[in-house]
Amino acid sequence: METTTSLTAIEAALPPEAITPGTAAYAVDGAIPSLVLTPASEDEVAAALRAASESDAAVIAMGSRQRLGLGMPPSRYDVALDMTKLNRVIEYSPADLMVRVGAGMLLSDLQRSLGDNGQWLPLDPPGEDGTIGGLLAANRSGPARLVFGSARDLVIGMRTIGPDGEMTKTGGRVVKNVAGYDLAKLHIGAIGTLGVIVEATFKVAPMPAETSTMTFGGSCQSLMSTALLIRNHGLAVTGMTLSAAGGEWRLQVRFAGGSAAVTRSRRDAEFLAQRNDVTVADEEPSSLSGVLVARASLPPMSVQQVAESMAAQGASVLAYPLTGTVRGYWPAEPPVAQLQALRNLCRLGSGVLVIEEASPSLKQRFDVWGEPGNDLELMRRLKQQFDPKGTLSPGRYLGGL
Amino acid sequence: MTVIPPQAIKELKAATAPERVLSAYEDLIVFEYDGTIERGTPTIVVLPDNAEEIGAILRIARAYDLPVVPRGAGTGLSGGAVSAVGGILVVMTRMSRILEVDTENQTALVEPGVVNLELSKAVAKHGLYYAPDPSSQRACTIGGNVAENAGGPHCLAYGVTTNHVLGLELVLADGSIVWTGGPARDLPGYDLSGAVVGSEGTLCIVTKALVRLMRTPESVRTLSVIFETIDDATNAVTAIIGAGLIPAALEMLDNQTIQAVEPAFHVGYPLDAGAVLLIEVEGLAEATEEDAGKAKRICLENGAREVREAVDPAERERLWAGRKAAISAIGRLVPNYYVLDGVVPRTKLPEVMALVGKIGEKHGFPIANVFHAGDGNLHPCVLFDERQPGAAQRVLDCGEEIMRACVDAGGTITGEHGVGLEKRDFMTWIFSDADMAAMGRLKQVFGANERFNPCKAFPTSKGCGEIHSKALQKFGADAFV
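Presented here is a report on the structure given in the accompanying data block. Everything numeric here is computed off the predicted structure, so don't read it as measured data.

## Quick word on the interface of chain A and chain B
Working step 1: Between chain A and chain B, the contact holds 67 residues from the first and 76 residues from the second.
Working step 2: Both faces considered, chain A and chain B share a buried interface measuring about 6,100 Å² in area, 58% of it formed by carbon and sulfur atoms.
Working step 3: When the buried surface of chain A facing chain B is broken down by residue, A:Lys176, A:Val178 and A:Tyr181 rank first, second and third, together holding 16% of it.
Working step 4: The tally of links from chain A across to chain B stands at 6 salt bridges.
Working step 5: As a salt-bridge pair, B:Glu416 and A:Lys176 come within 2.8 Å of each other at their nearest N and O atoms.
Working step 6: At the boundary of chain A and chain B, one finds 28 residue pairs in polar contact (both at pLDDT 80 or more).
Working step 7: If you list the elements that add at least two residues to the side of chain A that touches chain B, you get helix H6 (151–154), strand E9 (167–171), helix H7 (184–187), helix H8 (220–232), helix H9 (259–275), strand E16 (292–297), strand E19 (352–357) and helix H13 (376–386) of chain A.

Below, the structure written as structure tokens:
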């Protein structure tokens, strides 16, 4: 990794209290930045980015620093941009089901404000409490995606700042809006390679009158069939989780809505489960962690085979079967050949395998993103247009972008 | 007007088929308008059969520096598919095959010329349907829906086109064919499909779309609620959403619209009603029972004169027919009309509705309102007679003032019709130069220069100035909102 010679211009761009030396807490794939900048306003974010870009420094923006394992090791890394001070609700109109928040706000803090008004942001990555900007940049979602979609479906407006310090806005604050290109979609899941998200506007949802969950146990296959049957019966389900730990498979189903609909749904689900030799279990899926985390994204019908294959490799599994996300958590890094076999299996099932957490050495031997499609050239041009000097998270994204 | 060299015509015929390249005037005029007021005659029309042919067409266009405009069924409501400065019009209606239906994964792979409603009909036997339902769904195509990010009454609960597109095959301006997205979600790399949806045919031509299908709900209940005043009706809308109830659809017709719809469709709306609210709830029978009851109670609390429920599918169909063809019904009563598309925060509906009425009065035009109340998506319809001197210009002024009122209320200039030719100059009201420069960079990424669907979606560039005044020579095709 190259080091940058002079960062004095960057230090001059921000007030002293916003500048600290880099520490291991801000390391990305083992690389420690020279500086940590903690801007307190959009203007300071802009100033930091402009100065960094002019100094040819490389910047990685981050929030609660939980998903820094995403992507390939950065080709350069000089400045960590800590966004956690942009942590306010900027505008909230409960009657319009709309909220505008700073990117550094914690999801839990936002949910608390919304909850006071009987509402929530239906973005529920389990056991995680990241910043809004981080959740968007990493495109995290959870079981609620089944009904509410993911970040791309919930964001109605966004403000980002580019490496030139220019602030750009897309969308707005009404739920339907087709004016201008929907640039927000490009920033979601882009791990900060096109711009730094400083603010997002969401449509939020009313909390259901009643929520309850049921957990079923059985084989992966029987639980998957149960999940599909429940889907096909249109029951009042707002999320499903398929999990495996220590060889035990569980399907957790979350029902929500009015009391009569929830009661009927629970009854029907139990009946459908019995038809598949699935029993009601009382265990809740625990939150999982691993040295290596891999995500498969697949059409629903390919989920079972990939989930079983991960479990057979000794990984714990957490999947959203109907939206096609399967995560495996390995207690120790498996051989690359094993991951390659899994990736091939995903490809056969019209899906992909992305490594979300691994040692830098494994990343050098196994591309975390996999083989790009024929839209890579467009993505290259996009990166070139939005970050011509490679200031933002260089080298971490698909195809070395 | 653009002139196309004979050699280019020869090449277009060779790349497609001689009978699919049209240049006789009587063939061209069929393609000169869309669902609204804009007019523009293409110099030549080409009807390709596949992506490779489109690639060849775009390469020819580039070689001869000719304008290119993609077009579906021509039901658009902002001039996006109108040939603004002549050139090649690429009409996608021959590419209308449903290529694949995957009932287990609940997706369909379709060509862009597939008619929206035909897709839902084709998958109905599997208990599935395609959710976005623009009022033009009997005629409009999926390709056009993708270009405009089309909405519809049921988008309140299920989202607009972008929420239902998983992947796209595109032909770029240089003729290359690219896939973005696919059957799995969260593919590594930038969400290019997300940026293409709603780009109004200004970035590329979509040649295949992989879309999500949804399951037909067990129970659907449709209420039609009669209110004395539009204020009571909008208050009821706010109260319904405020109570945590998000119906599948929440649509409103004002008195002016009722006067047009009732004689045409005999839905049973009282002619003296101030507003009719159409509420549809979907889901399990238990859920719709509860939600319909709740909606009814809230409406009565907010001054509803009467709440009726469709007792059978035929009545439901009739209620919806009245709604979906409301604008056409208006068209029977007046010589001309001009449909607008603005969005405001739902809570601003009462004050903006009042303002819309006042703006109409000021300019001397009655305004009929039929709109997606749950989304705050207004469709004021300005009624006028183009034979009156100066009427056309005053209508545009009136429309502009209404759009301005939407923006001032915290809303936007288009919720589902697109910016197109019509509203490109209003973009500066909501976007800064830097915002639009970023959008311009996306055009660079796709290699789409100013000859690719010229004069659309962004503020006027040179050579585009006179289109609007030409458009004003004719008004009032059938429109759907």
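So, next bit.
## A closer look at the pattern of salt bridges
Note that side chains of opposite charge can pair when their charged atoms are close.
Working step 1: Inspection of the entire model under this criterion finds 47 salt bridges over all chains.
Working step 2: A:Asp268 is the partner of A:Arg264 in a salt bridge, and the nearest nitrogen-oxygen pair spans 2.7 Å. You can see A:Arg264 and its partner A:Asp268 sitting in helix H9, 4 residues apart, about one turn around the helix.
Working step 3: Of the charged contacts in the structure, one is a salt bridge between B:Arg451 and B:Asp65, with a shortest N-O distance of 3.5 Å. In this pair, B:Arg451 is assigned in the loop between helix H16 (433–445) and helix H17 (467–471) and B:Asp65 in the loop between helix H3 (51–63) and strand E3 (68–71), connecting sequence segments 386 residues apart.
Working step 4: Within the structure, one salt-bridge network assembled from shared partners comprises A:Glu42, A:Glu91, A:Arg100, A:Arg159, A:Arg173 and A:Glu199.

## Some remarks on the nonpolar core
Working step 1: Counting 179 residues, the largest nonpolar core has A:Ile132 and A:Phe202 as its most contacted members.
Working step 2: In this structure A:Ile132 touches A:Val101, A:Gly102, A:Ala103, A:Met105, A:Leu107, A:Leu110, A:Leu121, A:Ala200 and A:Phe202, once residues within four positions along its chain are discounted.
Working step 3: In terms of nonpolar packing, the next biggest core, distinct from the first, is built from 25 residues, B:Tyr269, B:Ala310, B:Val370 and B:Leu383 among them.

## Points about the environment of B:Tyr190
Residue and element names in this part refer to chain B.
Working step 1: Within the secondary structure, Tyr-190 is located in the loop between strand E9 (177–181) and helix H7 (192–196).
Working step 2: Among the residues examined, Tyr-190 registers a relative accessible area of 4% and is labelled buried.
Working step 3: Taking the C-alpha atoms as reference points, Tyr-190 and Thr-180, separated by 10 residues in sequence, lie 9.1 Å from one another.

## Quick notes on the sheet that holds E9(B)
All names here are of chain B.
Working step 1: Read from one edge of the open sheet, 5 strands run E5-E6-E10-E8-E9, paired in antiparallel fashion. Unpaired on one side and paired on the other, strand E5 (98–102) and E9 mark the two borders of the sheet. Direction aside, the axes of adjacent strands within the sheet are offset by 15 degrees on average.
Working step 2: By the bridge criterion, 6 bridges tie strand E8 (residues 165–171) to strand E10 (residues 205–212) in an arrangement that is antiparallel. Its bridge partner being in E10, Leu-168 is matched across the sheet by Ala-209.
Working step 3: Packing of H3 onto the sheet brings it into contact with E8, E9 and E10, and relative to E8 it is tilted by some 50 degrees.
Working step 4: Along the sheet face, helix H4 (residues 116–123) touches E5, strand E6 (107–110) and E10 and points at about 45 degrees away from the line of E5.

## Description of helix H11 (residues 336–348) of chain A
Residues and elements named next belong to chain A.
Working step 1: Between the first and last C-alpha of H11 there are 18 Å, a value that for 13 residues agrees with the 18 Å anticipated at 1.5 Å per step.
Working step 2: Regarding H11, the residues found buried are Leu-339, Leu-342, Arg-343, Leu-345 and Cys-346. Projected onto a plane normal to the axis of H11, the buried residues spread over an arc of 160 degrees and lie on a single side. H11 presents Ala-337 and Leu-348 as exposed residues on the side facing more than 90 degrees away from its buried surface.
Working step 3: On its buried face, H11 sits against E16, helix H10 (303–312), strand E18 (325–330), E19 and helix H12 (360–365).

## A closer look at unusual backbone geometry
Residue and element names in this part refer to chain A.
Working step 1: Even without being glycine, Arg-65 reaches a positive phi, approximately 60 degrees.
Working step 2: Among the secondary structure elements, Arg-65 is positioned in the loop between strand E3 (59–62) and strand E4 (79–82).
Working step 3: With a phi close to 50 degrees, Asn-139 is a non-glycine residue in the positive phi region.

## As for helix H9 (residues 255–265) of chain B
Residue and element names in this part refer to chain B.
Working step 1: If you check which residues of H9 are buried, you get Thr-257, Ile-258, Ala-260, Val-261 and Glu-262.
Working step 2: In this structure, the buried residues of H9 make contact with strand E13 (249–254), strand E14 (275–283), helix H11 (313–324), helix H12 (326–333) and strand E18 (367–372).
Working step 3: Note on H9: the residue one or two positions beyond its end, His-266, has a positive phi of about 50 degrees.

## A word on the pairing of strand E14 (residues 248–257) of chain A
Taken residue by residue, a regular strand's side chains alternate between the two faces of the sheet.
All names here are of chain A.
Working step 1: Most of E14 sits inside the fold, with 8 of its 10 residues counted as buried.
Working step 2: Of the pairings in the sheet, the one linking strand E12 (residues 210–218) to E14 comprises 9 bridges and is antiparallel in character. In the strand pairing of E14, Thr-213 is matched with Arg-254.
Working step 3: Sheet topology places strand E13 (residues 237–245) next to E14; 8 bridges connect them, and they run antiparallel. Note on E14: the bridge partner recorded for Met-240 is Val-253.
Working step 4: A loop of 2 residues connects E13 with E14, the two strands running antiparallel in sequence, and Gly-246 in this loop sits at a positive phi of about 60 degrees.

## A few points about the packing of aromatic side chains
Working step 1: For the coordinates displayed, the defined rule picks out 6 aromatic pairs over all chains.
Working step 2: Measuring from centroid to centroid gives 5.0 Å for A:Tyr181 and B:Phe458, while their planes differ by 65 degrees, and the two rings are edge-to-face. A residue pair is termed interchain when its members come from two chains, as with A:Tyr181 in the loop between E9 and H7 and B:Phe458 in the loop between H16 and H17. Take A:Tyr181 and B:Phe458: they sit in the same class, and that class is buried.
Working step 3: Centre to centre, the rings of A:Tyr397 and B:Tyr190 are 4.7 Å apart; their planes meet at 40 degrees, and the pair counts as tilted. In this pair, A:Tyr397 is assigned in the segment after H13 and B:Tyr190 in the loop between E9 and H7, connecting two distinct chains. Take A:Tyr397 and B:Tyr190: they sit in the same class, and that class is buried.
Working step 4: Taken together, the ring pairs connect A:Trp369, A:Tyr397 and B:Tyr190 into an aromatic cluster.
Working step 5: Sitting over the face of the ring of A:Tyr26, A:Arg65 holds its NZ or CZ atom 4.1 Å from the ring centroid.
Working step 6: Over the ring of A:Phe386 we find B:Arg441, and its NZ or CZ is 5.0 Å from the ring centre.

## Details of the pairing of E18(B)
Residues and elements named next belong to chain B.
Working step 1: Within E18, 6 of the 6 residues are buried, which leaves the element mostly enclosed by the surrounding structure.
Working step 2: The two faces of E18 match: Ile-367, Asn-369 and Phe-371 on one face and Ala-368, Val-370 and His-372 on the other face are all buried.
Working step 3: One ladder, built from 3 bridges, connects E13 with E18; its direction is antiparallel. Directly across from Glu-251, in E18, lies its bridge partner His-372.
Working step 4: Summarising the sheet, E18 and strand E20 (residues 380–384) pair through 3 bridges and their orientation is antiparallel. Bridging across to E20, Ile-367 finds its partner in Val-382.

Criteria and thresholds
- Residues numbered from 1 in each chain as written.
- Chains lettered and ligands numbered in written order.
- Predicted model: local features only at pLDDT ≥ 70, side-chain atom pairs only at ≥ 80, totals over all residues.
- Heavy atoms only, no water.
- Contact = heavy atoms within 4.5 Å.
- Buried area = accessible area lost by both parts, 1.4 Å probe.
- Salt bridge = Lys/Arg side-chain N within 4 Å of Asp/Glu carboxyl O.
- Polar contact = N/O pair within 3.5 Å; in protein donor to acceptor, adjacent residues only side chain to side chain.
- Helix = DSSP H or I, 4+ residues; strand = E, 2+ residues; numbered from the N terminus.
- Core = buried A, V, L, I, M, F, W, Y, C linked by side-chain atoms within 4.5 Å.
- Buried < 20%, exposed > 50% of the residue type's maximum accessible area, 1.4 Å probe, protein only.
- Pairing = 2+ DSSP bridges.
- Axes fitted to C-alpha atoms, helices over the stretch in contact; angles between N-to-C directions.
- Expected span 1.5 Å × (residues − 1).
- Arc of directions from axis to C-beta.
- Phe/Tyr/Trp six-rings, centres within 6.5 Å; stacked < 30°, edge-to-face > 60°.
- Lys NZ or Arg CZ within 6 Å of the ring centre and 35° of its normal.

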